[in-house]
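Tertiary structure, described
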Amino acid sequence: AGYGRTPDEFNPSTASNPLWLALACTLPAPAPATLEDAVAQHLHRAVADLGVPVQIVLDALKWARAGMELRHLQGVVIMKGGTAEVTERIVERLKPMLTAEAGVWTLGSVLRSCAGPPWCPRAPGAKRMLAEYFLTLEGADRAEAAHHLMNIHDVNRLLEVITQWPAFYHLLETRRADLRTYCRVCGYSTVRAKLVASTAGVADSLLRDHKVGVFLSELGEFAVAREFLLRA
């Protein structure tokens, strides 16, 4: 959607901001007066060209716990009726205003303040949208649903996620403080009972018993923790 404009066409004092310049080169004349104007015009054109999935991508990135990989952005857009190809085009269009590290996309500073109205309408139910998406996944990916379920106060499904072994183990090994927060929200005794039920009769339970026992001792559930550790 570029207009092939060059930096020489702009007032040097106005064009001193690299992001303003990058966006202005893609927009029709007259040049936007401010960076905010450039962002607004760029987002409006993206929505006009690529539709509602632009709003979905912006919402997903805004409410993501720590950014999102392209595959997850594609998954969310597909869940809402879009396509993987459109998602790639959106990320490419928004790239000047995004940051990426190790394949994880996050909103750049300008979009963190300008990604919503009046620049780009909010898609309804964004937090719930992310919760529902991550609940469709398995293993460690499913663990990401816990953050969003807590945000929408869905305690029952939060409990289900954090007491399923793949998600529990991933959270325990990579986001232990978050796991303790989720357990506090669900209630320590409720989590304890659910973990006891979920590990009963499991064939490969030695590792589980040890990990669960240590974690329950951290929560102050010493009697049940001792039973797990003795079994391990």
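For the structure itself, look to the data block above.
To keep things clear, this report deals only with the structure shown in the data block. For clarity, every value in this text was computed on a predicted model and none was experimentally measured.

Thoughts on the nonpolar core
Ranked by internal contacts, the top residues of the largest apolar core, which has 66 residues, are M68, M97, L111 and I162. When residues no more than four places from it in sequence are discounted, the contact partners of M68 are A60, L61, L73, V76, G103, V104, W105, L130 and F134.

A few points about helix 12 (residues 176-186)
All of the buried residues along helix 12 are L179, Y182, C183 and C186. Angular distribution of buried residues about the axis of helix 12 spans 100°; they occupy a single face of the element. Note on helix 12: the residue one or two positions beyond its end, G187, has a positive phi of about 100°.

Notes on the packing of helix 11 (residues 165-174) against helix 12
When two helices pack together, their arrangement is given by the angle between the helix axes and the distance between those axes. Here helix 11 crosses helix 12 at 125°, and the two axes come no closer than 5 Å. By the angle class used here, helix 11 and helix 12 are oblique. Side by side, helix 11 and helix 12 meet where F168, L171, L172 and T174 of the first sit next to R176, L179 and Y182 of the second. For the contact of helix 11 with helix 12, a count of residues per class yields 5 nonpolar, 1 polar and 1 charged.

Topic: the packing of aromatic side chains
According to the stated counting rule, one finds 4 aromatic pairs in the structure shown. Between the aromatic rings of Y133 and F134, the centroid separation amounts to 5.0 Å while the plane-to-plane angle is 65°, which identifies the pairing as edge-to-face. A residue is classified by how much of its surface remains accessible, and F134, at 4% relative accessible area, is buried. Consider the rings of W165 and Y169, whose centres lie 5.2 Å apart with planes at 35°: the pair is tilted. Linking W165 with Y169, this pair stays in helix 11, spanning 4 residues, or about one helical turn. In this structure an aromatic cluster arises from ring pairing among W165, F168, Y169 and F215. Over the ring of W63 we find K127, and its NZ or CZ is 4.3 Å from the ring centre.

Notes on the state of the cysteines
Applying the stated criterion to the full structure yields 0 disulfides. We note that C186 lacks a disulfide partner, and the nearest cysteine sulfur, in C183, lies 6.8 Å from it. Residue C186 is classed as buried on the basis of its relative accessible area of 11%.

Points about the packing of helix 3 (residues 53-63) against helix 4 (residues 70-79)
Put simply, helix 3 and helix 4 touch, their axes get as near as 10 Å, and they point 130° apart. Taken together, the axes of helix 3 and helix 4 are oblique relative to one another. Here helix 3 and helix 4 pass one another in a crossing that is right-handed. Residue-level contacts link P53, I56, V57, A60 and L61 of helix 3 to L73, V76 and V77 of helix 4.

Here's the deal with the pattern of salt bridges
For the coordinates displayed, the defined rule picks out 14 salt bridges. Residues R71 and D141 are paired through a salt bridge, measuring 3.2 Å at the closest nitrogen-oxygen approach. Here R71 is found in helix 4, whereas its partner D141 is found in helix 8 (residues 139-143), with 70 residues between them in sequence. Look at R71 and you get partly exposed, because its relative accessible area is 42%.

Quick notes on the environment of H153
As for its placement among the helices and strands, H153 is situated in the loop between helix 9 (145-151) and helix 10 (155-162). Residue H153 is classed as exposed on the basis of its relative accessible area, which comes to 67%. Residues H153 and C186, 33 residues apart in the sequence, show an inter-C-alpha distance of 10.0 Å.

Focus: unusual backbone geometry
Here the residue pair A29 and P30 is connected by a cis peptide bond, since its omega of 0° sits within 30 degrees of zero. Topologically, P30 is positioned in the loop between helix 1 (18-24) and helix 2 (35-50). Although it is not a glycine, A102 adopts a positive phi angle of roughly 55°. Tracing the backbone shows A102 in the loop between strand 2 (98-101) and strand 3 (104-107).

Reading the values: the criteria
Residues numbered from 1 in each chain as written. Predicted model: local features only at pLDDT ≥ 70, side-chain atom pairs only at ≥ 80, totals over all residues. Heavy atoms only, no water. Core = buried A, V, L, I, M, F, W, Y, C linked by side-chain atoms within 4.5 Å. Buried < 20%, exposed > 50% of the residue type's maximum accessible area, 1.4 Å probe, protein only. Contact = heavy atoms within 4.5 Å. Helix = DSSP H or I, 4+ residues; strand = E, 2+ residues; numbered from the N terminus. Arc of directions from axis to C-beta. Axes fitted to C-alpha atoms, helices over the stretch in contact; angles between N-to-C directions. Parallel < 35°, antiparallel > 145°, perpendicular 65-115°, else oblique. Nonpolar A, V, L, I, M, F, W, Y, C, P; charged D, E, K, R; others polar. Phe/Tyr/Trp six-rings, centres within 6.5 Å; stacked < 30°, edge-to-face > 60°. Lys NZ or Arg CZ within 6 Å of the ring centre and 35° of its normal. Disulfide = S-S within 2.5 Å. Left-handed = near helix turned anticlockwise from the far one by under 90°. Salt bridge = Lys/Arg side-chain N within 4 Å of Asp/Glu carboxyl O.

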